[in-house]
Amino acid sequence: MRRTRLQLTDLRIEGPDGVLVDDARLELRPGEITVLVGASGSGKSLTTRALLGLVDPALRLVRADLRVEIEGVEHHPYDRLSMADSKQLERNFQPLRGEIIGYLPQDARGSLEPLWTIGRQVLECLHLRGDGQTDPIPWLARAGFKSPERVSSLYPHELSGGMAQRASIALALARGSRFLLADEPTTGLDPTVQEGIIQEILELRDKGVGILFITHDLRIVPKLCNRLLVMHDGQIVEEAYGPQAIELMQSKPAKALWAATQRISGATR
């Protein structure tokens with residue numbers, strides 16, 4: 001069977017004041033959720049942006065090895081030549097973004113085109129998909145909207161935070177993304193809305209999408225986790241597996257993050 005996976009190794013990013021990410025590595029597989037946790041500033045979002053070739057030019061991308069394998073066909077966007085040529089690097093990543101690697105940002109509304117209806121934005125994604133589909137309604141329904149026809153006619157400013165997240169999921173589905181990078185998609189949302197987004201993420205997993213879910217809220221990890229990675233000071237310091245991953249954490253950063261989560265939530269372990 002031809003393999004499909006996304007594998008990042010040897011990522012190092014430096015800023016004006018020193019190393020921001022050092023030797024970060026992770027792997028995504030179809031139908032699995034990898035949860036990346038860490039305190040603010042630990043390097044989670046930087047690592048995620050590196051998977052899209054979107055590291056801020058003000059920072060120094062020292063090295064990275066990204067292998068994206070789709071049914072046996074390999075892509076290596078960070079080859080030696082492209083690392084030194086920003087235009088070539090952009091060309092290497094263009095066929096990967098959206099079609100293969102989708103992105104679900106924390107500020108979903110801000111990532112939507114403000115002058116287009118949601119239906120039109122889904123339709124544009126379908127055009128890029130190139131298989132002749134022209135109806136956005138089924139894709140909005142798949143993203144969890146109960147009234148997709150109504151949502152199709154709305155503009156981004158008319159959406160709630162949870163609706164904007166679902167709209168971003170619909171765009172990723174319409175593009176046919178094989179992997180989805182969800183960068184703290186539940187942060188700042190009402191608990192009921194958070195639960196809805198988590199259920200949509202689980203349904204995507206069950207449909208074979210490989211997902212990287214970034215969060216600093218360990219309370220939601222057991223609902224999502226196939227693999228847990230703990231990041232601290234730009235490094236992956238611990239890895240655990242399964243719904244009981246939190247119980248298996250041993251590193252000081254992981255324990256400190258869990259203690260902070262308990263203080264905020266008032267929960268007990």
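Residues numbered from 1 in each chain as written. Predicted model: local features only at pLDDT ≥ 70, side-chain atom pairs only at ≥ 80, totals over all residues. Heavy atoms only, no water.

S.K.: Please give an account of helix H9 (residues 191-206) that cites residues and values.
M.R.: Between its terminal C-alpha atoms H9 stretches 23 Å, which fits the 22 Å expected from 16 residues at 1.5 Å a residue. Residues of H9 that are buried include every one of Gln194, Gly196, Ile197, Ile198, Glu200, Ile201, Leu202 and Leu204, and no others. In the segment just after H9, Gly208 is the residue with positive phi, at about 100°. (Helix = DSSP H or I, 4+ residues; strand = E, 2+ residues; numbered from the N terminus. Expected span 1.5 Å × (residues − 1). Buried < 20%, exposed > 50% of the residue type's maximum accessible area, 1.4 Å probe, protein only.)

S.K.: Explain the confidence of the model for the chain residue by residue, including any values.
M.R.: Per-residue pLDDT for the chain averages 88, and the proportion of residues at 70 or more is 97%. Mean pLDDT across the secondary structure elements of the chain bottoms out at helix H2 (residues 80-83), with 71, and peaks at helix H7 (residues 148-152), with 96. (pLDDT = per-residue confidence, 0-100.)

S.K.: Before we move on, could you go through empty space enclosed by the protein and cite the residues and values that matter?
M.R.: All told, the structure shown has 1 cavity of 30 Å³ or more when counted by the stated rule. When its volume is computed, the largest cavity comes out at roughly 40 Å³. Taken together, Ile169, Ala172, Leu173, Ser177, Leu180, Leu204 and Val209 make up the full set of residues lining the largest cavity. If you tally residues by element for the lining of the largest cavity, the top one is helix H8 (residues 161-175), at 3 residues. (1 Å grid on protein atoms, 1.4 Å probe; cavity = no way out; pocket = protein on both sides within 12 Å on 5 of 7 lines; lining within 4 Å. Points joined across faces, edges and corners; volume = space filled by probe spheres on them.)

S.K.: Go over the side chain of Ser251, please, and point to the residues and values.
M.R.: Assignment of secondary structure puts Ser251 in the loop between helix H11 (245-248) and helix H12 (252-265). With sequence-adjacent residues up to four places away left out, Ser251 is seen in contact with Val230, Val237 and Glu238. (Contact = heavy atoms within 4.5 Å.)

S.K.: Tell me about the pattern of salt bridges, residues and numbers included.
M.R.: Overall, the coordinates contain 19 salt bridges when judged by the stated rule. With a shortest N-O distance of 3.7 Å, Glu27 and Arg5 are connected by a salt bridge. Taken together, the positions of Glu27 in strand E2 (residues 18-28) and Arg5 in strand E1 (residues 5-15) put the pair 22 residues apart, joining distant regions of the chain. Residue classification places Glu27 among the buried positions, given a relative accessible area of 17%. The salt bridge involving Arg205 is made with Asp206; its shortest N-O contact spans 3.0 Å. Through salt bridges with shared partners, one network takes in Arg3, Arg5, Glu27, Arg29 and Glu69. (Salt bridge = Lys/Arg side-chain N within 4 Å of Asp/Glu carboxyl O.)

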